[in-house]
Amino acid sequence: MTPVILLAAEKESAEVTDWAARIGWVVGLGLFVALVYWLMREGWKWRSTLQGDLPELPTAPDSPGGAKLTVLSMSGRYHGSTTAGHWLDRIVAHGLGTRSRVELTLTDAGMDVVRPGASDFFVPVAALREARLDKGIAGKVLTEGGLLVVTWEHGDKMIDSGFRSDHAAEHNEWVETLNDMINKTETEGAR
């Protein structure tokens, strides 16, 4: 039993005798990580090029009209946009793939999306198609109903944009109000 105790008592590791090999491995690992990062960046740029036919995002009008909700805006996170119905097909053109903080404001004219550090955009009420609660969108999966997903039309493409409020209880009110606006707009357009 004495040899086992002596082995456990040793607290020193073996000295490095081949510094060149160790430095080579560290440099090689660093180059590999840089290569993977570069490939991911090139893939993001390639996806943006493929989505280059997406028109520029609309901006908020000077006079957006009155606020629709009792709370004028919703603070939270913007988790990205995807092709409608394909929750993993991320849209990155025009900054739509950039996650950020968000301030949403719903008015008679539409939904104003203000993102500090990223491109702001505006969804006119005529472009809104549906609002629902969901559990995931490209790269972000939450509990059931933890994500407010707004479907809207831009150019000839249907887009799902995912938002999460700092106060999840606001989601239901937003879904009801957005869907009421959409139904009202469709009814008025049918006349």
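These numbers come from a predicted model, not from an experiment.

About the criteria used
- Residues numbered from 1 in each chain as written.
- Predicted model: local features only at pLDDT ≥ 70, side-chain atom pairs only at ≥ 80, totals over all residues.
- Heavy atoms only, no water.
- Buried < 20%, exposed > 50% of the residue type's maximum accessible area, 1.4 Å probe, protein only.
- Helix = DSSP H or I, 4+ residues; strand = E, 2+ residues; numbered from the N terminus.
- Pairing = 2+ DSSP bridges.
- Phe/Tyr/Trp six-rings, centres within 6.5 Å; stacked < 30°, edge-to-face > 60°.

Novice: Mind showing me how you'd approach the pairing of strand β9 (residues 147–154) here?
Specialist: The side chains of a regular strand alternate between both faces of the sheet. For β9, the buried fraction is high: seven of the eight residues fall into the buried class. Bridge analysis of strand β6 (residues 128–134) against β9 gives six bridges, and the strand direction is antiparallel. Counterpart to Asp 134 in the pairing with β9 is Leu 147. Sheet topology note: the β9/strand β10 (residues 157–165) ladder contains seven bridges and is antiparallel. Residue pairing across strands places Val 149 opposite Gly 162, the latter belonging to β10. The loop that links β9 with its antiparallel partner β10 comprises two residues; one of these, Gly 155, has a positive phi angle of about 65 degrees.

Novice: What am I meant to see in the packing of aromatic side chains here?
Specialist: This model, assessed by the stated rule, comprises three aromatic pairs. Where Tyr 78 meets Phe 121, the ring centres are 6.1 Å apart and the plane angle is 70 degrees; that geometry is what we call edge-to-face. One end of the pair, Tyr 78, is in strand β1 (residues 73–83); the other, Phe 121, is in strand β5 (residues 121–124), with 43 residues separating them in the sequence. Under the relative-accessibility criterion, Tyr 78 is labelled buried at 0%. With a relative accessible area of 1%, Phe 121 lands in the buried category. Taken together, the ring pairs in this structure connect Tyr 78, Phe 121, Trp 152 and Phe 163 into an aromatic cluster.

Don't take any of this as a statement about function, it's just geometry.
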